[in-house]
Amino acid sequence: MAARFLGVPEPTFMKVLLKYTTLALVIQTALVLLLGIAGNLISPAVDYFFELLLTIYQPFISLIAATGGFKGESAMIEPVWIGIALGIFCYSLIVALTALALRIVRR
């Protein structure tokens, strides 16, 4: 439906959307993993960038913590990892839709 509204053939719309979503997903996942590992193993200065990256995903972490009903130790760890995963997916989709809209506008 969105493809028809934007005047783009649907197979092309989905193919490009999937391509941009996958690219954003891979970049964000690599960044989270690299900064997390580097922050723990190399330097506390790098850990600052990992914490800064976590603030970007804070709305999703808070949402999962509020609705998850976690108790005990799982309340400290699981909302963070689930929130980061949800945030990576949602931000990847937002980036892909924005890139697709810019691509359509440039035509």
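No experiment lies behind these values; they were computed from the predicted model shown.

(A) Structural context of the packing of helix H4 (residues 58-68) against helix H5 (residues 74-106). For the pair H4 and H5, the least separation of the axes is 8 Å and the interaxial angle reads 130°. By the angle between their directions, the pair H4 and H5 is classed as oblique. Taken as a pair, H4 and H5 cross one another with a handedness that is right-handed. Of the residues in H5, those in contact with Phe 60, Ile 61, Leu 63, Ile 64 and Ala 65 of H4 are Pro 79, Val 80, Ile 82, Gly 83, Ile 84, Leu 86, Gly 87, Cys 90 and Tyr 91. Taken together, the residues of the contact of H4 with H5 sort by class into 12 nonpolar, two polar and no charged.

(B) Up close: the packing of helix H3 (residues 44-56) against H4. Where H3 meets H4, the closest approach of the two axes is 4 Å, and the angle between their N-to-C directions is 65°. Seen from H3, the contacting residues are Leu 54, Thr 55 and Ile 56; seen from H4, they are Gln 58, Pro 59 and Ile 61. Classifying every residue of the contact of H3 with H4 by side-chain character gives four nonpolar, two polar and no charged.

(C) Looking closely at the side chain of Ser 92. Turning to its location among the elements, Ser 92 is positioned in helix H5. Here Ser 92 falls in the buried class, since its relative accessible area comes to 0%. A polar atom in the side chain of Ser 92 sits 2.9 Å from the side chain of Gln 28. If sequence neighbours within four positions are ignored, Ser 92 has contacts with Thr 21, Ala 24, Leu 25 and Gln 28.

(D) Layout of the nonpolar core. Among the nonpolar cores identified, the biggest contains nine residues, and these are Val 32, Leu 35, Phe 50, Leu 53, Leu 54, Tyr 57, Ile 61, Ile 84 and Ile 88. Put simply, the parts of the chain that give this core at least two residues each are helix H2 (10-41), H3 and H5. The element contributing the most residues to this core is H3, with three residues. Non-local contacts of Leu 54, meaning those with residues more than four positions away in its chain, are made with Ile 61 and Ile 84.

Calculation notes
Residues numbered from 1 in each chain as written. Predicted model: local features only at pLDDT ≥ 70, side-chain atom pairs only at ≥ 80, totals over all residues. Heavy atoms only, no water. Axes fitted to C-alpha atoms, helices over the stretch in contact; angles between N-to-C directions. Helix = DSSP H or I, 4+ residues; strand = E, 2+ residues; numbered from the N terminus. Parallel < 35°, antiparallel > 145°, perpendicular 65-115°, else oblique. Left-handed = near helix turned anticlockwise from the far one by under 90°. Contact = heavy atoms within 4.5 Å. Nonpolar A, V, L, I, M, F, W, Y, C, P; charged D, E, K, R; others polar. Buried < 20%, exposed > 50% of the residue type's maximum accessible area, 1.4 Å probe, protein only. Polar contact = N/O pair within 3.5 Å; in protein donor to acceptor, adjacent residues only side chain to side chain. Core = buried A, V, L, I, M, F, W, Y, C linked by side-chain atoms within 4.5 Å.

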